Amino acid sequence: MTERFSVSLEPELFEAFGQYLEKHGYRNRSEAVRDLIRRALIEEEWHSGRNVIGVLSLVYNHHQRTLQDRLTEIQHRFHDLVIASTHVHLDYDDCLEVVIVRGRSAKVRKMADELITQRGVKDGRLVISGTARPATEHSHRHHAGH
Ligand code: NI
């Protein structure tokens, strides 16, 4: 069951929206509007809630193909949250990665969930350590690879 509603747009905005549909390969307007609304709601959720600092730890087998790349890609996507990360080679197979994060709690949890649920992560946990002011600057170190 879906609800329907109509939208009034100025001609310029309507035309720009048409170009947006084409550029992103939408077949119809409803599909595009749905995505835009969802994205706006997620964005709002991310920016709500208190600012927190936290420590995320991940244990994983670095022989798992593409896992390292996926973990790095996710951290870059949320780079504004990552203050620092440290990588320890535990033994022949396993790595421990510790990521210090700061940001809105919902967004921190979203990043942590994405990292922890990657296939090949044996153990992952996020420890939230209270509130923090929003990040004004940040630096991060890169894992040198294997
Ligand atoms: Ni390692």
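Below, the structure is looked at part by part. (Residues numbered from 1 in each chain as written. Predicted model: local features only at pLDDT ≥ 70, side-chain atom pairs only at ≥ 80, totals over all residues. Heavy atoms only, no water.)

1. A look at the coordination of the nickel ion
And step 1. Taken together, H87 (NE2), H89 (ND1) and C95 (SG) make up the protein donors of the nickel ion, found 2.0 to 2.3 Å from the metal.
And step 2. Within one chain, the residues serving as donors to the nickel ion are arranged as H-x1-H-x5-C.
And step 3. Taking the relative accessible area as the measure of exposure, H87 reaches 17% and is therefore buried. (Donors = N, O, S within 2.8 Å, 3.2 Å for Na, K, Ca; no water. Buried < 20%, exposed > 50% of the residue type's maximum accessible area, 1.4 Å probe, protein only.)

2. What about the packing of helix 1 (residues 11–23) against helix 2 (residues 29–47)?
And step 1. One way to put it is that helix 1 packs onto helix 2 with a least axis distance of 10 Å and a crossing angle of 95°. Compared by their axis directions, helix 1 and helix 2 come out roughly perpendicular. In this structure, helix 1 uses F14, F17, Y20 and L21 to contact helix 2, whose residues at the interface are R29, A32, V33, L36 and R39.
And step 2. Per-class residue counts for the contact of helix 1 with helix 2 are seven nonpolar, no polar and two charged. (Axes fitted to C-alpha atoms, helices over the stretch in contact; angles between N-to-C directions. Helix = DSSP H or I, 4+ residues; strand = E, 2+ residues; numbered from the N terminus. Parallel < 35°, antiparallel > 145°, perpendicular 65-115°, else oblique. Contact = heavy atoms within 4.5 Å. Nonpolar A, V, L, I, M, F, W, Y, C, P; charged D, E, K, R; others polar.)

3. Examining the pairing of strand 1 (residues 51–61)
And step 1. Taken across its 11 residues, strand 1 has eight buried, putting it largely inside the fold.
And step 2. By the bridge criterion, 11 bridges tie strand 1 to strand 3 (residues 94–104) in an arrangement that is antiparallel. The residue of strand 3 that forms the bridge with Y60 is C95. (Pairing = 2+ DSSP bridges.)

4. Details of the nonpolar core
And step 1. In this structure, L56, L58, Y60, L71, M111 and L115 are the most contacted members of the largest nonpolar core, which totals 19 residues.
And step 2. Breaking this core down by element, the ones donating at least two residues are strand 1, helix 3 (67–77), strand 3 and helix 4 (105–116).
And step 3. Sequence-distant contacts of L115, defined by excluding residues within four places in its chain, comprise L56, L58, L71, I74, Q75 and V121. (Core = buried A, V, L, I, M, F, W, Y, C linked by side-chain atoms within 4.5 Å.)

5. Details of helix 2
And step 1. Spanning 19 residues, helix 2 covers 27 Å between terminal C-alpha atoms, matching the ideal 27 Å at 1.5 Å per step.
And step 2. Capping the start of helix 2 is the job of one residue whose side-chain oxygen sits 3.1 Å from the backbone nitrogen of S30: N28.
And step 3. G49 sits one or two positions beyond helix 2 and adopts a positive phi of about 85°. (Expected span 1.5 Å × (residues − 1). Polar contact = N/O pair within 3.5 Å; in protein donor to acceptor, adjacent residues only side chain to side chain.)

6. Considering the environment of G120
And step 1. Mapped onto the elements, G120 comes out in the loop between helix 4 and strand 4 (121–131).
And step 2. Taking the C-alpha atoms as reference points, G120 and L67, separated by 53 residues in sequence, lie 6.9 Å from one another.
And step 3. Once residues within four sequence positions are removed from consideration, G120 is found in contact with V59, Y60, N61, Q64 and L67.

7. Thoughts on the packing of helix 3 against helix 4
And step 1. Contact geometry for helix 3 and helix 4: axes closest at 10 Å, N-to-C directions at 170°. On the basis of their axis angle, the class for helix 3 and helix 4 is roughly antiparallel. The segment helix 3 lies against helix 4, with L71, I74, Q75 and R77 engaging M111, E114 and L115.
And step 2. Split by residue class, the contact of helix 3 with helix 4 holds four nonpolar, one polar and two charged.

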